[in-house]
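Inside the fold
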Amino acid sequence: MAAQNHTRESPFLLLGLSDDPQLQPILFGLFLSMYLITVLGNLLIILAVTSDPHLHTPMYFFLYNLSFVDICFTSTTVPKILVDIQTQRKDISYPECLTQVYFFMIFVGMDNLLLTVMAYDRFVAICHPLNYPVIMNPHFCGLLVLVSWLLIFCISPHHILLMRKLTFAPGTTIPHFFCELAQVLQVASSDTLINVIWMYLDFVLFCVFPALGIFFSYHQILSSLMKLPNTASKHKAFSTCGSQLCMVSLFYGIGLGVYLSSSVSSSAHRSKVASVMYTVVTPMLNQDVMGALERLPGRVVSCLDGFCPSDIEARNLTQVTDILLLRISEDPKLQPMLFGLFLSMYLITMMGNLLIILAFTSDPQLHTPMYFFLSILSLDDICFISTTVPKMLVNLQTHSRAISCAGCLTQMCFYIIFGCMDVMLLTLMAYDRFVAICHPLNYPLIMNPRLCVSLVLLSFFTSFLDGHLHMWMALHMTDFKKLEIPNFFCDPSQILDLSCKDTRTNAIFKYLAATIYGFPTIFGILFSYYKIISSVLRIPSSGGKYKAFSTCGSHLSVVCLFFGTALGVYVGSTVSHSPRGSAVSSVMYTVVTPFLNPFIYSLRNRDLKSVLSRLLKPRADIRR
């Protein structure tokens, strides 16, 4: 037991790739360039699939998901390698090692399952071409990917739970450049029989079964191809699955080569070099194979270039009188019900968030950074929901779809400002919880009032800049395919999609804005909670762990709600191309999320509940 506790405080040691100091700059440059090529190449595939309607097919939907998984897969190991080479350190903490094992298992398994699903897609396309649209419908494709993720997330945590029961000698060295499960089990001091059994079960479930599924699919494909009468038909049919077959051969061929090399040779150096092949080289070559064989680079250029009919008159948005919005429902009988529903949700949202602001301003006990950020978040939620819902209520009552150009641009600008502000405030609140739990003694010094106000002002000015950049881009559009937005409000990305000229600039701007404002905030939240969980796991008693983590339970619930609904809307719009379905999905993060935030914070926070009860109790006594 003592060895276990000591190991969780002292880090593991990794052998690294090479001890030669002269090779370190070369290795750093090589792995950095391979990592950037992998990330950029797969992001280009994602951009091509999302931007071009011609690529909205099951095959490219699965390729889109594979590219995302490859980015995550290579990001599990390579950034740590680069940091170790640059800092000349070879240690990795116990929580970091567990996290790396966990995500490595997830993304390797997901790679296998996606390759199997893609093989099944090609089997249906070639062997059952007439039934292909019926079988591989968008809902079924989305369900296949969702089941794959759920299966992975249900099985992978067992390895971490079993690893936590193992003991290790102090200063344990892992003979690898990352925490690979098999290598970690080899250096454990305690019995690893159950861990090894689970590892082989995992191997059978996520490697052997997918490999059999791929083999069966291609056996059926080849059987169908042999029945075709002429060579041209055979070539045309087989060319649709050539790139996928290359990826399968690359993935399983390299994986088999690594396994055989580690079985034949006991050299740790050869095992590390072989592992580089499937952890770094395979994700990098996947996007090159698909890009070359499916002509995706041409698709990227064509989807960014856009086209305009010759009879379109050049004009900008200031010369447009009205823009048409999409109704949530065309059924006249549903209009009064929808009006009452959204009006009640809007009023409850306003009252709930105003009560939180009132509680913060009235009680000195709540004058802390956490409640300061919460009051600003409540104010932002009021503004955010007021950007879209009042106009929607007016349109429901008047049976109108029109919105003026000035009103549309104003709505877009404020929507971006308060939406970005929401994300940044959630990031600031995550940082506040990180400082409170990981650095409790320095918390009053770090999170002083001046810093808190400065962070909020910086977030507002950054959001303000993003909103006005989008407005500037919209005002410089001159040619429009149509003046109808397939949503119930002026969504920024859909406004930029109205243009049929210079869509390359608009697409690049949208993705740059999402990258600059989205990824740093998400990374900040993930990093903060990674540190929080690492600190909480070091607390010896269960009561101490619960008490520490309960201070950020409400915030974590809101983060999951906000990003979960946004991700659901994004995935739903990718799988289904129904504008009305996307509009209904947008209600989740524009209306439902601000509506639920006050309930989450008030029901899960004792301090806030006690203050609200004291504020409301005198009014109840007066009425009596």
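Now for a look at the structure at hand. (Residues numbered from 1 in each chain as written. Predicted model: local features only at pLDDT ≥ 70, side-chain atom pairs only at ≥ 80, totals over all residues. Heavy atoms only, no water.)

Thoughts on the pairing of strand E4 (residues 322–325)
Only one face of E4 is covered, namely the one carrying Ile323 and Leu325; the face carrying Asp322 and Leu324 has none of its residues buried. By the bridge criterion, 3 bridges tie E4 to strand E5 (residues 402–404) in an arrangement that is antiparallel. Along E5, the bridge assignment pairs Asp322 with Ser404. Relative to strand E6 (residues 484–485), E4 is paired through 2 bridges, and the arrangement is parallel. By the bridge assignment, Leu324 is partnered in E6 with Glu484. (Buried < 20%, exposed > 50% of the residue type's maximum accessible area, 1.4 Å probe, protein only. Helix = DSSP H or I, 4+ residues; strand = E, 2+ residues; numbered from the N terminus. Pairing = 2+ DSSP bridges.)

A closer look at a nonpolar patch on the surface
A cluster of nonpolar side chains, namely Tyr200, Phe203, Val204, Val208, Phe209 and Leu212, defines an oily patch on the protein surface of about 570 Å² accessible area. One can find Phe203 in helix H9 (residues 193–226). (Patch = residues over 30% accessible without salt bridge, like charges linked within 9 Å, V, L, I, M, F, W, Y side chains within 5 Å. Areas by Shrake-Rupley, 256 points an atom, 1.4 Å probe, with all protein chains shown as cover. Salt bridge = Lys/Arg side-chain N within 4 Å of Asp/Glu carboxyl O.)

Let's talk about the nonpolar core
Note that soluble globular proteins tend to have their nonpolar side chains buried in a common cluster. Among the nonpolar cores identified, the biggest contains 76 residues, and Phe62, Cys179 and Ile221 are the most heavily contacted of them. Listed by contribution, the elements that provide at least two residues to this core are strand E1 (12–14), helix H2 (24–51), helix H3 (58–87), helix H4 (94–127), helix H6 (138–155), helix H7 (157–163), helix H8 (181–186) and H9. Ranked by residues supplied to this core, first place goes to H4 with 22 residues. If we ignore the near neighbours within four places in the chain, the residues touching Cys179 are Leu14, Ile92, Cys97, Gln100, Val101, Ile174 and Val184. If you look at the next biggest cluster of nonpolar residues, it comprises 42 residues, including Met421, Val423, Tyr443 and Leu455. (Core = buried A, V, L, I, M, F, W, Y, C linked by side-chain atoms within 4.5 Å. Contact = heavy atoms within 4.5 Å.)

Examining empty space enclosed by the protein
For the structure shown, the criterion picks out 2 cavities of 30 Å³ or more. At 3 residues, the largest contribution of residues to the lining of the largest cavity is made by helix H15 (residues 369–398). Looking at side-chain class alone, the lining of the largest cavity contains 6 nonpolar, 3 polar and 2 charged residues. (1 Å grid on protein atoms, 1.4 Å probe; cavity = no way out; pocket = protein on both sides within 12 Å on 5 of 7 lines; lining within 4 Å. Points joined across faces, edges and corners; volume = space filled by probe spheres on them. Nonpolar A, V, L, I, M, F, W, Y, C, P; charged D, E, K, R; others polar.)

Side note on the state of the cysteines
Disulfides are covalent bonds that link the sulfur atoms of two cysteine residues. In the structure shown here, the tally under the stated rule is 2 disulfides. Two residues share a disulfide in this structure: Cys97 and Cys179, whose sulfurs sit 2.2 Å from each other. Taking the sign of the S-S torsion, -120 degrees for the link of Cys97 and Cys179, the bridge is left-handed. You can see Cys97 sitting in helix H4 and its partner Cys179 sitting in the loop between strand E3 (173–174) and H8, a full 82 residues away along the chain. Residue classification places Cys179 among the buried positions, given a relative accessible area of 0%. (Disulfide = S-S within 2.5 Å.)

Description of the packing of H4 against H6
Where H4 meets H6, the axes come as close as 9 Å, and the angle between the chain directions of the two elements is 150 degrees. In terms of orientation, H4 and H6 fall into the roughly antiparallel class. In this structure, H4 meets H6 at a crossing whose hand is right-handed. Two secondary-structure elements touch here, H4 through Tyr102, Ile106, Phe107, Gly109, Met110, Leu113, Leu114, Val117 and Tyr120 and H6 through Phe140, Leu144, Val145, Ser148, Trp149, Leu151, Ile152 and Phe153. Classifying every residue of the contact of H4 with H6 gives 15 nonpolar, 2 polar and no charged. (Axes fitted to C-alpha atoms, helices over the stretch in contact; angles between N-to-C directions. Parallel < 35°, antiparallel > 145°, perpendicular 65-115°, else oblique. Left-handed = near helix turned anticlockwise from the far one by under 90°.)

Digging into the pattern of salt bridges
Should their charged atoms come close, side chains of opposite charge can pair. For the structure shown, the criterion picks out 3 salt bridges. Lys80 is the salt-bridge partner of Asp84, the closest N and O atoms lying 3.2 Å from each other. Remark: Lys80 and Asp84 occur in helix H3; sequence separation between them is 4 residues, near one turn of the helix. Note that Asp121 and Arg122 form a salt bridge whose closest N and O atoms lie 2.8 Å from each other. The class of Arg122 is buried, set by a relative accessible area of 7%.

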